[in-house]
Number of protein chains: 2
Amino acid sequence: MFLYLHFQYFPVVPIMNLLVRDAIIVTQDDNRSIVEGNLFVEDGIITHVGKSTDTSDFVVEAKGGVVVPGLINTHTHVAMTGFRGLLDDLNLEPFLEKTFKLDSGRTDEDIRQASLMSLREMISGGTTSFADLYYSENVIAEACRDIGIRGFLAWVTLDKEITTQEGDPVSNAEHFVKSWRGKESLVTPMVGMQGVYACSEDTVLSAKEVASRLETGLHMHLCETRHEVYGHVGKTGKRPVEWLDHIGLLDGSVPLLAAHGAWLTKSEMRTLKNADVRVSSCARSNMKIGSGIPPVKELIDEGVTVSLGTDSATTSNNLDMLEEIRTASLLQKVSKWDASVLPAATALDMATRNAAASLGAAGEIGSIEKGKKADFVVLDSSSLRMAPLTRQNAVNQIVYSAQASDVTHTIINGKPVYADRKFTHY
Amino acid sequence: MFLYLHFQYFPVVPIMNLLVRDAIIVTQDDNRSIVEGNLFVEDGIITHVGKSTDTSDFVVEAKGGVVVPGLINTHTHVAMTGFRGLLDDLNLEPFLEKTFKLDSGRTDEDIRQASLMSLREMISGGTTSFADLYYSENVIAEACRDIGIRGFLAWVTLDKEITTQEGDPVSNAEHFVKSWRGKESLVTPMVGMQGVYACSEDTVLSAKEVASRLETGLHMHLCETRHEVYGHVGKTGKRPVEWLDHIGLLDGSVPLLAAHGAWLTKSEMRTLKNADVRVSSCARSNMKIGSGIPPVKELIDEGVTVSLGTDSATTSNNLDMLEEIRTASLLQKVSKWDASVLPAATALDMATRNAAASLGAAGEIGSIEKGKKADFVVLDSSSLRMAPLTRQNAVNQIVYSAQASDVTHTIINGKPVYADRKFTHY
């Protein structure tokens, strides 16, 4: 254990091997294979799934518990967790007003502390990757590196006239991406946009140009509330997706992750599909702010890649992706009066392989397969909530019953960041 | 500790005193006072709330954590937890068909084991009382007594021609109530009814007669799905509530707890209000089975007492009342496109004081006050999900973020049944 801790503090030293023994492995591979056996990791890469008698530097005895790919939260604002419990029972507009007020006086250290709270909460609940949209992403990137979680971090841009950022948000985003690309394997810097209500045509196209030139992706809020949609129609005569298409954002040249998509016409869904825009749906946030029921079934039916996000802890209000997966499925079922909509397997796909695809990382994460990065989670075989547990019902128990605390181990990039329900090094 | 365990096994020995130190006590009294201080219990009764330097046989150091009244789950079927993960993504009718098939071959020992799974899950998540609707409630009553949870147990009646119970369900219910009333302080025996789709006028009135004569309450499914409502209209020309009123169930002479109430007209709501019928709303179950969004706001606006139930682990699928409270609130907000609907304080009332009132136990449980039975829960002051935690945001953190595993201690009838996240004696 001492050696392991040592390695964590000096990450340049090669990462040890790791073995998970006696697990029900929900691989989330193309065939959705569920394998009973062992999982072997070398230098951060999955090298074996199945029967094996190997031993290792670090052994996790799963004792018949479930192993799933690390959960991927595709829309959050980790620095906002410091405001949890202060902004409840408010609709989006008064919510944003109060948030901007609270936010204005924050220091980098405030942001670092709030972000670490979130990263710890996410890791202890089985989240191994997340997509963030905020300013000061350099501070969040350092926190990701220090604690060992995979971050897809988008520095938010918005019109200079209304930002609280020092300097020009687009230049800040460019500087952030240049500073962090290739610097740390856990951090993928991206360019963010607040949304059509805060970004002029010039800001949108400048953000796109930076993302295109630096070969990274965009992450933005899109069609979260009907106020956003009809406000934009009033201002421009066009709905947000129509407008973004009109000004040239949706030519498919830059990968775009759009958060929410709660208010979309079928025609807009087809536009998103044609531009390969990925949607991060945030069921609990849409519910809590009263935004409306997101048309997730319709988006999936149109072929759009949909993943799941918790949004910030001021709207969800916890960062438990297991509860988010479940609620996303339940909300679709009740809105269609049909229990068979968004079944367990589809819901789990959204938080694993579809989420990886949404972040352009399908080749690296999102499933447990030989050659993929070792991002996975071990769930407690003795969980009261997951009983009775068998290979046959494992996916159902994960999706419909498990909670954050059923996670015993979270492995990211081959490292047990969280083991036996304790953080190993931070 | 040895002595304590000893007392638990020999409950005739007087119960020791208990002290909770340094807590944020969300009392749920008439003023919704939140008190920072200590809580003292003698012989199962709360004797002091506030500042005190007393010590005790058993001390819980809350270290600034939150204490709330024990959560009350007003609709479940604890014996069904053995089927968790086997009945998902099915609408109610195929769900019931498959359930009846699985259910037909069960022994009392199967029911006991499944019930104990549920009781353990509920206790570890802060539930101290529950209302159950099933057959073989004598087995469940023994499990409640053995593990130490408060059960309001309704033996379900339905028409003789369609029951799988041995003998006449109404006679079975009568026998159960006679056997258990006054026998064990934790168990309140009641009379149940499956619902209008399985109970003829004769069955309903016989069940009512038994409950009336034995001075106990009724617990039934009511207006869960539109199929139930329109099936009954087709059969009788009346909607379920109209029909029950017509045949004389709703004369207010017997307390009635009606589960679901997801499909009700305003006129029916007024009928329920006038008959003092209490509704147990089960948001997650209604969502998962696709039953529809229950009109909780409208029921509250009409003055009906509404509490919350998880329903069984085949529909919710876990028995976490904290997740249930949150989802109930979120579902109302999204259905009204208004974040201010069903705010945190109202949601917590539903799972505590309103639930106690629904069970005719408002004088004994549901709040933390001098003279009340000591049923309460301690939540972890170091919970990642509840941070930052203050007296001001404690209710919000409980309702919108906390989960079962944030519970460190569950005290029922003055006994620490669950302490430091471990069962103390079972």
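Since the structure is predicted, the reported quantities are computational estimates derived from the model, not experimental observations.

Considering the packing of helix H12 (residues 321-336) of chain A against helix H12 (residues 321-336) of chain B
Here is step 1: Direction vectors running N to C along H12 of chain A and H12 of chain B enclose 45 degrees, while the axes themselves pass 12 Å from each other. Accordingly, the angle class assigned to the pair H12 of chain A and H12 of chain B is oblique. When the axes of H12 of chain A and H12 of chain B are compared, the crossing they make is right-handed. Mapping the contact onto sequence places Glu323, Arg326, Leu331 and Val334 of chain A in H12 of chain A and Glu323, Arg326, Leu331 and Val334 of chain B in H12 of chain B.
Here is step 2: A class-by-class count of the residues in the contact of H12 of chain A with H12 of chain B yields four nonpolar, no polar and four charged.

Thoughts on the domain arrangement of chain A
Residue and element names in this part refer to chain A.
Here is step 1: One can read the domain layout of chain A as domain 1 (10-70 + 366-425) and domain 2 (71-358).
Here is step 2: Distance between the C-alpha centres of domain 1 and domain 2: 27 Å.
Here is step 3: When the two sides are added together, the surface that domain 1 and domain 2 hide from each other amounts to roughly 2500 Å², 57% of it contributed by carbon and sulfur.
Here is step 4: Looking at the side of domain 1 facing domain 2, the largest losses of area belong to Val399, Tyr400 and Phe423, adding up to 24% of the total buried there.

Some words on the interface of chain A and chain B
Here is step 1: At the junction of the two partners, chain A supplies 52 residues and chain B supplies 52 residues.
Here is step 2: Counting the surface chain A buries against chain B, the share from its top three residues, Asp89, Trp337 and Leu384 of chain A, is 16%.
Here is step 3: Applying the counting rule to chain A against chain B returns four salt bridges.
Here is step 4: Linking chain A to chain B there are 33 residue pairs in polar contact (both at pLDDT 80 or more).
Here is step 5: Looking at the side of chain A that touches chain B, the elements that each hand over two or more residues are helix H3 (108-124), helix H10 (283-288), H12 and helix H15 (394-400) of chain A.
Here is step 6: If one sorts the elements of the side of chain A that touches chain B by residue count, H12 of chain A sits on top with six residues.

A look at the relation of the copies chain A and chain B
Here is step 1: With an RMSD of 0.0 Å, the fit of chain A onto chain B corresponds to turning through 180 degrees and sliding 0.0 Å along the axis. Look at the turn and shift together and you get a two-fold axis relating the two. If distances are taken from each C-alpha of chain A to the rotation axis, the shortest is found for Ser405 of chain A, at 3.1 Å.

How each quantity is defined
Residues numbered from 1 in each chain as written. Chains lettered and ligands numbered in written order. Predicted model: local features only at pLDDT ≥ 70, side-chain atom pairs only at ≥ 80, totals over all residues. Heavy atoms only, no water. Axes fitted to C-alpha atoms, helices over the stretch in contact; angles between N-to-C directions. Helix = DSSP H or I, 4+ residues; strand = E, 2+ residues; numbered from the N terminus. Parallel < 35°, antiparallel > 145°, perpendicular 65-115°, else oblique. Left-handed = near helix turned anticlockwise from the far one by under 90°. Contact = heavy atoms within 4.5 Å. Nonpolar A, V, L, I, M, F, W, Y, C, P; charged D, E, K, R; others polar. Domains from an automatic or database assignment. Buried area = accessible area lost by both parts, 1.4 Å probe. Salt bridge = Lys/Arg side-chain N within 4 Å of Asp/Glu carboxyl O. Polar contact = N/O pair within 3.5 Å; in protein donor to acceptor, adjacent residues only side chain to side chain. Least-squares fit on C-alpha atoms with pLDDT ≥ 70 in both.

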